[in-house]
Protein chains: 2
Amino acid sequence: MSDAPPAHPDAAIEIRKTAARAWFESLRDRLCAAFEALEDACDNPATQDLPAGRFVQRPWQRPGGGGGVIALLQGGRVFEKVGVNVSTVWGAFTSDFAGKVRGAAADPRFWASGISLVAHPRSPHVPPAHMNTRHIVTTEAWFGGGADLNPIYPDDAETRAFHDRLKLACDGYAPDAYACFKAWADDYFFIPHRAEPRGVGGIFYDDLTSDLDHAFAFTRAVGEAFLDIYPKLVAAKMAQPWTDADRAHQLVRRGRYVEFNLVYDRGTQFGLRTGGNPEAVLMSLPPLVAWP
Amino acid sequence: MSDAPPAHPDAAIEIRKTAARAWFESLRDRLCAAFEALEDACDNPATQDLPAGRFVQRPWQRPGGGGGVIALLQGGRVFEKVGVNVSTVWGAFTSDFAGKVRGAAADPRFWASGISLVAHPRSPHVPPAHMNTRHIVTTEAWFGGGADLNPIYPDDAETRAFHDRLKLACDGYAPDAYACFKAWADDYFFIPHRAEPRGVGGIFYDDLTSDLDHAFAFTRAVGEAFLDIYPKLVAAKMAQPWTDADRAHQLVRRGRYVEFNLVYDRGTQFGLRTGGNPEAVLMSLPPLVAWP
């Protein structure tokens, strides 16, 4: 990590920045521990010859200020690839970008911290998932994030369990939050050129600026919800056998994930076009993909 | 193919449209024949159990007018996947797009015909290649295209042979055409977020509007050059053995091709964002790709 960023004149903002960063890092550690426990617990005959997967952490620095750590588990029994990236970066947007970012038009300086998780299970029956939350400070400050499930074989009960747990988190934020953030995810996680959704949805939210302590509490609740439900969904299916045809279908479906991320995903476009660390930005891409 | 497009009032333009389309289709047939001959000729022990690959043609229609044919060879001995798409489409650009296309601001009607080829050989030693030429008519008319080589293991002699043959085609067009179109390709086929070129280059040209018969002759010369040189480069290396490590490296390098095409390639962005046939647009993507 390079030099510390300039402190914000508002002490409450500065305290929340520190707390948000610490939260993202602690959530990362708990997620990694939960995934490693699944690696230990898995006894699917198809993967019993593989070692239980372990995360390796790789720190990286951003030339303009800050950096992050990519925690990556590759070639596991349960997870063919799962990455959790926590980054805290600061600097000034280029004039191109400053005009497009909330509160940056007059003063392009920014600070941003966030966690981004993408899981690509080995089994075609275990659903891939994504979760990402962030805190951004320019002349304004806000929270944003989301989580969605991308099963190869959608399963109503599984989809309902995922949504119900996210709804519980949303209900603590505002009565209509789930309906709003679910609709936002349905709109966002859509692949126009395929005219199909990326997965079975989840929630997406951004620009929560009005009550920052409440927005931060909600962001923590989203992280807790994901940590609670996703490992359960993985555990429920990780022992199931699969066929070569299932595997072939999985590799094709993963192509849709790549198409969405590289063509449409705003975070990916932002990262790639603003000189972000490509290894961190593209950590989301599946380990093996087919466009037959 | 849906109804015929409206005829252009200038008869010379109309004759050239017909000739360009016929040329693209005949070039497609000769390229497919050359690739099938390579499939028959290959006697690499690594692929001798596979049947010699054959192209299958799949016609498609564009709702707004026109359509095309995807000729696709999958799972061959030499080519893991090679596609040649010839399309002839017409209609009117949306107002968003019309302002960005030459000669379409005041009148958004267009006609476009072109050939697009992407070859992904099975052997990591045989270089993937791309070639694309097109004729577009709005209130103006022009030719454009290009070809580039994307070896997994760059080889100076191979790169020189490819460039030399393209230079021969360019020299017939204008004395400085090769230098210009090579520089254009170096600029275009570059992956900013990786800070690396997509391959070893080739040529790229567009907006050749001034002498259309000459530009069409050059476009034919580019097609002939590719048809002449690429099968020779394939034949030179298709018998070489490769290792699992070569294959793993190939799958990773193919990821760069995907990243370029989905994030930056103008033709892909144009196709995906204007309701093009996604199967035709994404025919370019490699059959199997790794982001380990």
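The rules we used
Residues numbered from 1 in each chain as written. Chains lettered and ligands numbered in written order. Predicted model: local features only at pLDDT ≥ 70, side-chain atom pairs only at ≥ 80, totals over all residues. Heavy atoms only, no water. Least-squares fit on C-alpha atoms with pLDDT ≥ 70 in both. Contact = heavy atoms within 4.5 Å. Salt bridge = Lys/Arg side-chain N within 4 Å of Asp/Glu carboxyl O. Helix = DSSP H or I, 4+ residues; strand = E, 2+ residues; numbered from the N terminus. Buried < 20%, exposed > 50% of the residue type's maximum accessible area, 1.4 Å probe, protein only. Polar contact = N/O pair within 3.5 Å; in protein donor to acceptor, adjacent residues only side chain to side chain. Arc of directions from axis to C-beta. Buried area = accessible area lost by both parts, 1.4 Å probe. Nonpolar A, V, L, I, M, F, W, Y, C, P; charged D, E, K, R; others polar. Pairing = 2+ DSSP bridges. Phe/Tyr/Trp six-rings, centres within 6.5 Å; stacked < 30°, edge-to-face > 60°. Lys NZ or Arg CZ within 6 Å of the ring centre and 35° of its normal. Axes fitted to C-alpha atoms, helices over the stretch in contact; angles between N-to-C directions.

So, the relation of the copies chain A and chain B
Then, in step 1: For the match of chain A to chain B, the screw axis carries a shift of 0.0 Å, the RMSD comes to 0.0 Å, and the turn is 180°. The operation mapping one copy onto its partner corresponds to a two-fold rotation axis.
Then, in step 2: Interface overlap between copies is the fraction of interface residues in one copy that are interface residues in the other; for chain A against chain B it reaches 100%, indicating a shared surface.

Some remarks on the pattern of salt bridges
Close approach of charged atoms allows side chains of opposite charge to pair.
Residues and elements named next belong to chain B.
Then, in step 1: Across all of its chains, the model carries 48 salt bridges over all chains by this definition.
Then, in step 2: Between E80 and R254 there is a salt bridge, with the nearest N and O atoms lying 2.9 Å from each other. Of this pair, E80 sits in strand β3 (residues 79-92) while R254 sits in helix α6 (residues 244-263), and the two are 174 residues apart along the sequence. Here E80 and R254 have matching classes, each one buried.
Then, in step 3: The salt bridge partner of D171 is K167, with a shortest N-O separation of 3.0 Å. Highlighted residues: D171 and K167, both in helix α3 (residues 156-171), separated by four residues, approximately one helical turn.

A few points about the environment of A:R198
All names here are of chain A.
Then, in step 1: By the element assignment, R198 lies in the loop between β8 (196-197) and β9 (202-208).
Then, in step 2: Taking the C-alpha atoms as reference, R198 lies 9.8 Å from R254; in sequence the two are 56 residues apart.
Then, in step 3: When near neighbours in sequence (up to four residues on either side) are disregarded, R198 contacts H130, D148, N150, F189, F190, I191, Y257, F260 and N261.
Then, in step 4: Polar side-chain contacts of R198 include one of 3.2 Å to the side chain of N150.
Then, in step 5: A polar atom in the side chain of R198 sits 2.8 Å from the side chain of N261.

Some words on unusual backbone geometry
Then, in step 1: In this structure, A:A195 takes a positive phi of about 50° despite not being glycine.
Then, in step 2: For B:D207, which is not glycine, the phi torsion reads 60° and is therefore positive.
Then, in step 3: With respect to the helices, strands and loops of the structure, B:D207 is situated in strand β9 (residues 202-208).

Re helix α7 (residues 266-273) of chain A
Then, in step 1: By the burial criterion, the buried members of α7(A) are A:T268, A:Q269, A:G271 and A:L272. Viewed end-on, α7(A) has its buried residues packed into an arc of 165°, placing them on one side of the element.

A closer look at the interface of chain A and chain B
Then, in step 1: With 24 residues of chain A at the contact, the number on the chain B side is 24 residues.
Then, in step 2: Each partner contributes to the roughly 2,100 Å² buried at the junction of chain A and chain B, and carbon and sulfur atoms together form 62% of this total.
Then, in step 3: One can count two salt bridges joining chain A with chain B.
Then, in step 4: The salt bridge involving B:R194 is made with A:E279; its shortest N-O contact spans 3.1 Å.
Then, in step 5: Taken together, the links from chain A to chain B amount to eight residue pairs in polar contact (both at pLDDT 80 or more).
Then, in step 6: Per-element tally for the side of chain A that touches chain B: the top contributor is helix α6 (residues 244-264) of chain A, with six residues.
Then, in step 7: Its residues assigned to classes, the side of chain A that touches chain B comprises 16 nonpolar, three polar and five charged.
Then, in step 8: Where strand β10 (residues 288-290) of chain A and strand β10 (residues 288-290) of chain B come together, three bridges link them in antiparallel fashion. Bridge pairing links A:V289 to B:V289 in β10(B).

Considering the packing of aromatic side chains
The geometry of an aromatic ring pair comes down to the distance between the two centres and the angle between the two planes.
Then, in step 1: Scanning the model with the defined rule gives 40 aromatic pairs over all chains in all.
Then, in step 2: Aromatic side chains A:F260 and A:Y264 sit 6.3 Å apart centroid to centroid with 40° between the ring planes, which places their arrangement in the tilted category. Here A:F260 and its partner A:Y264 are both found in helix α6, four residues apart, which amounts to about one turn of the helix. Accessibility classification places A:F260 together with A:Y264 in one group, the buried group.
Then, in step 3: Lying over the aromatic face of A:F216, A:R220 brings its terminal NZ or CZ to 4.4 Å of the ring centre.
Then, in step 4: The ring of B:W142 carries the charged tip of B:R102 above its face, separated from the ring centre by 6.0 Å.

Some details on the pairing of strand β4 (residues 109-121) of chain A
A regular strand places its side chains on the two faces of the sheet in alternate fashion.
All names here are of chain A.
Then, in step 1: Within β4, eleven of the 13 residues are buried, leaving the element largely enclosed by the surrounding structure.
Then, in step 2: Bridge analysis of β4 against strand β5 (residues 129-137) gives nine bridges, and the strand direction is antiparallel. Each residue of the ladder has a partner; that of A119, found in β5, is A129.

Digging into the side chain of A:E158
Then, in step 1: Turning to its location among the elements, A:E158 is positioned in helix α3 (residues 156-171).
Then, in step 2: Setting aside anything within four residues of it in sequence, one finds A:E158 in contact with A:H125, A:P127, A:L149, A:P151, A:L233 and A:K237.

Digging into the sheet that holds strand β5 (residues 129-137) of chain B
Residue and element names in this part refer to chain B.
Then, in step 1: Strand order in the open sheet formed by seven strands is β1-β2-β3-β4-β5-β6-β9, and the pairing between neighbours is antiparallel. If you trace the sheet from one side to the other, it starts and ends with β1 (56-61) and β9, each paired once. Across the sheet, the mean angle separating the axes of adjacent strands is 10° when strand polarity is ignored.
Then, in step 2: Of the pairings in the sheet, the one linking β1 to strand β2 (residues 66-74) comprises six bridges and is antiparallel in character. Bridge assignment links V56 to a residue of β2, and that residue is L72.

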